[in-house]
Amino acid sequence: LRGRLVLATAVRLGALRRPWVPMLRARAANSPFAGGRDAECASWRHFEFARWPTVGPTPVLDGSGYERVANELTASGTVMDRKMIYWYARPSERWPTLEIRVADVNADLDVPVLLAILARGLSQTLLGRLRADKPVPGPGDDRRLSREHRAAALYGLDSEGTDPVDGSIAGLPERLASLVEFARPGLK
């Protein structure tokens, strides 16, 4: 029972974190080169991985839906095993965690630490709001999220996107400030 409860919570949390993940990608963008040449983007990794069949925004599923889709993907041969499901956030197959899978390798240790703190604070806030029956921003539209991931990969720190809290279009600094304000309870 505990395993199913953890999975169901992770899957639900993955759906709720969807609208914030493009800004985490933008902040973590750190692969502007491909084959020794300037790729004219902030994160070539995004474009390289986009060719794989399971890369994209996390589907909005429940725990049983995740199990069904994961089993279908492996049974059909789309992926060799469940670890090859590369949604931008997915339950870990090894640990009771939800992985965010958009960050480039970053030479500045402060960046992955910042992303981990923001992701954890956001998760704590979302879970707290769900438990208190308070509203949370919706999971966002797949097409818009895909466009925002692409913009984050192209422009990195200069990207614009939708603020999940108020729906406005804003630059990364404004959206990160909004994330920090929204996630403040979990960050504390």
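Scope of this entry: the structure provided in the associated data block.

What counts, and at which threshold
Residues numbered from 1 in each chain as written. Predicted model: local features only at pLDDT ≥ 70, side-chain atom pairs only at ≥ 80, totals over all residues. Heavy atoms only, no water. 1 Å grid on protein atoms, 1.4 Å probe; cavity = no way out; pocket = protein on both sides within 12 Å on 5 of 7 lines; lining within 4 Å. Points joined across faces, edges and corners; volume = space filled by probe spheres on them. Helix = DSSP H or I, 4+ residues; strand = E, 2+ residues; numbered from the N terminus. Nonpolar A, V, L, I, M, F, W, Y, C, P; charged D, E, K, R; others polar. Core = buried A, V, L, I, M, F, W, Y, C linked by side-chain atoms within 4.5 Å. Buried < 20%, exposed > 50% of the residue type's maximum accessible area, 1.4 Å probe, protein only. Contact = heavy atoms within 4.5 Å. Phe/Tyr/Trp six-rings, centres within 6.5 Å; stacked < 30°, edge-to-face > 60°. Salt bridge = Lys/Arg side-chain N within 4 Å of Asp/Glu carboxyl O.

**Description of empty space enclosed by the protein**
- For the structure on display, the rule yields 2 cavities of 30 Å³ or more.
- Considering only enclosed or pocket space, the largest cavity measures out at about 50 Å³ in volume.
- Considering the residues around the largest cavity, the lining is formed by Ala10, Val11, Gly14, Thr58, Pro59, Leu61, Tyr66, Trp87, Ala89, Arg90, Pro91 and Leu98.
- For the lining of the largest cavity, the elements supplying multiple residues, two or more each, are helix 1 (2–17) and strand 3 (89–91).
- In terms of residue class, the lining of the largest cavity is made up of 9 nonpolar, 2 polar and 1 charged.
- Residue lining of the second largest cavity: Arg18, Val21, Pro57, Thr58, Tyr88, Leu145 and His149, and that is the complete set.

**Considerations on the nonpolar core**
- The biggest cluster of nonpolar side chains holds 22 residues, and the ones touching the most others in it are Trp20, Met23, Leu122, Leu126, Leu176 and Leu179.
- When residues of this core are traced back to their parent elements, those giving at least two are helix 1, helix 2 (21–28), helix 5 (110–131) and helix 7 (172–187).
- In terms of residue count, the dominant contributor to this core is helix 5 (6 residues).
- With residues near it in sequence (within four places) discarded, Met23 still touches Pro164, Leu172, Arg175, Leu176 and Leu179.
- Listed in part, the 9 residues of the second largest apolar core include Val69, Val79, Ile85 and Trp87.

**Considering the packing of aromatic side chains**
- By the definition in use, this model includes 5 aromatic pairs.
- Residues Trp44 and Phe47 carry aromatic rings whose centres are separated by 6.1 Å and whose planes lie at 35° to one another, so their mutual orientation is tilted. Linking Trp44 with Phe47, this pair stays in helix 3 (residues 44–49), spanning 3 residues, or about one helical turn.
- The class of Phe47 is buried, set by a relative accessible area of 18%.
- Ring plane angle 70° and centroid distance 5.8 Å describe the contact between Tyr66 and Trp87, whose orientation is recorded as edge-to-face.

**Considerations on unusual backbone geometry**
- Although it is not a glycine, Glu40 adopts a positive phi angle of roughly 60°.
- Structurally, Glu40 can be placed in the loop between strand 2 (37–38) and helix 3.
- Of the residues examined, Glu40 reaches a relative accessible area of 70% and is grouped as exposed.
- Its identity as a non-glycine residue notwithstanding, Asp133 has a phi of 60°, on the positive side.
- Relative to the elements of secondary structure, Asp133 occurs in the loop between helix 5 and helix 6 (142–155).

**What to know about the pattern of salt bridges**
- Counting across every chain of the model gives 9 salt bridges.
- Between Arg82 and Glu67 there is a salt bridge, with the nearest N and O atoms lying 3.1 Å from each other. Taken together, the positions of Arg82 in the loop between helix 4 (63–75) and strand 3 and Glu67 in helix 4 put the pair 15 residues apart, joining distant regions of the chain.
- Given the relative accessible area of 17%, Arg82 is considered buried.
- Put simply, Arg184 and Glu181 hold a salt bridge, and the shortest N to O gap is 2.9 Å. On the criterion of helical spacing, the pair formed by Arg184 and Glu181 is a turn pair, its members being 3 residues apart in helix 7.

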